[in-house]
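# Results of the structural survey
The residues making up each chain are set out below.
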Amino acid sequence: MKKLISLLIAATALLASCKKDSKTANALNETSPVQGTTLASGNFISSVHTTGGTVRVVKDASNKLYLVFENFRTDNGPDLRVWLSPNTGGNPYQELGFLKAVSGNFSYELGASINYSNNNRVLIWCRQFSVLFGYAVLQ
């Protein structure tokens, strides 16, 4: 019984620690959303924290690829990153950078080294505490 109580206390502390304020903007709406052909898309699914919205891979007129977040929302937390991975465990992954905002519409340019076909899970990952906030599967 003592082990169970200790485990519950540790889990509660871990979850609460990911709710600390971070440098992530609260809301962001880019003024000129990326226009082009949608190559893949997915809807966000909550994991440890409520997460929602859609994400698309878009090829623009100049053949650049972007990961476009639309109507996105998640809880705030420290050290939130956007990762692409073949699974939701976060290993291996390709990092796109810090999460730009916890709500809104924004995008990331995908460099030539980013493989969204093999790494078709978009993860919102709290790197400091190794916690998956939410994810989307690109199809």
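Up top is the structure these notes are about.
We now turn to the structure provided with this report. In this text, all values refer to a predicted model and were calculated from it rather than measured experimentally.

What follows deals with the overall build of the chain. Secondary structure assignment for the chain yields 1 helix and 9 strands. The buried share of the chain, reckoned over its 139 residues, is 42%. At a minimum sequence separation of 6, the contacts of the chain that also span at least 24 residues come to 63%. A total accessible area of about 7600 Å² is found for the chain, and carbon and sulfur atoms account for 53% of it.

Okay, the pairing of strand E5 (residues 80–85) next. For E5, a buried count of 6 out of 6 residues is recorded, marking the element as mostly surrounded by other parts of the structure. Judged by which residues are buried, E5 turns out to be covered on both faces: Leu80, Val82 and Leu84 on one side and Arg81, Trp83 and Ser85 on the other are all buried. Of the pairings in the sheet, the one linking E5 to strand E8 (residues 121–126) comprises 6 bridges and is antiparallel in character. Each residue of the ladder has a partner; that of Leu80, found in E8, is Cys126. Pairing geometry for E5 and strand E6 (residues 94–98), over 4 bridges, is antiparallel. For Leu84, the partnering residue across the bridge sits in E6 and is Gln94.

Here the focus is the pattern of salt bridges. Applying the stated criterion across every chain, the model contains 5 salt bridges. Among the salt bridges present, the one from Arg127 reaches Asp79, with a minimum N-O distance of 3.8 Å. In this pair, Arg127 sits in the loop between E8 and strand E9 (131–137) while Asp79 sits in the loop between strand E4 (65–74) and E5, placing the two residues 48 residues apart along the sequence. For Arg127, a relative accessible area of 39% gives the class partly exposed. In this structure, the salt-bridge partner of Glu95 is Arg81, at a minimum N-O distance of 2.7 Å. Residue Glu95 is found in strand E6, and its partner Arg81 is found in strand E5; the two are separated by 14 residues along the sequence. Residue Arg81 is classed as buried on the basis of its relative accessible area, which comes to 7%. Taken together, the shared-partner salt bridges connect Asp79, Arg81, Glu95 and Arg127 into one network.

In the sheet, strand E3 (residues 51–59) pairs with E4 via 8 bridges, with the strands oriented antiparallel. Looking at the pairing, Thr54 lines up with Glu70 of E4. Counting the residues that bridge the hairpin from E3 to E4 gives 5 residues, and of these Asn63 lies at a positive phi of roughly 70°. In terms of strand pairing, E4 meets strand E7 (residues 103–110) through 7 bridges, oriented antiparallel. Across the sheet, Leu67 pairs through a bridge with Tyr108, a residue of E7.

In this section: the sheet that holds E7. Ordered in space as E1-E7-E4-E3-E2-E9-E8-E5-E6, the 9 strands form an open sheet in which the pairing is mixed. Strands at the two margins of the open sheet, each flanked by one partner only, are strand E1 (28–29) and E6. When E8 meets E9, the two strands line up antiparallel, connected through 6 bridges. Along E9, the bridge assignment pairs Arg121 with Val137.

About the thresholds
- Residues numbered from 1 in each chain as written.
- Predicted model: local features only at pLDDT ≥ 70, side-chain atom pairs only at ≥ 80, totals over all residues.
- Heavy atoms only, no water.
- Helix = DSSP H or I, 4+ residues; strand = E, 2+ residues; numbered from the N terminus.
- Buried < 20%, exposed > 50% of the residue type's maximum accessible area, 1.4 Å probe, protein only.
- Contact = heavy atoms within 4.5 Å.
- Areas by Shrake-Rupley, 256 points an atom, 1.4 Å probe, with all protein chains shown as cover.
- Pairing = 2+ DSSP bridges.
- Salt bridge = Lys/Arg side-chain N within 4 Å of Asp/Glu carboxyl O.

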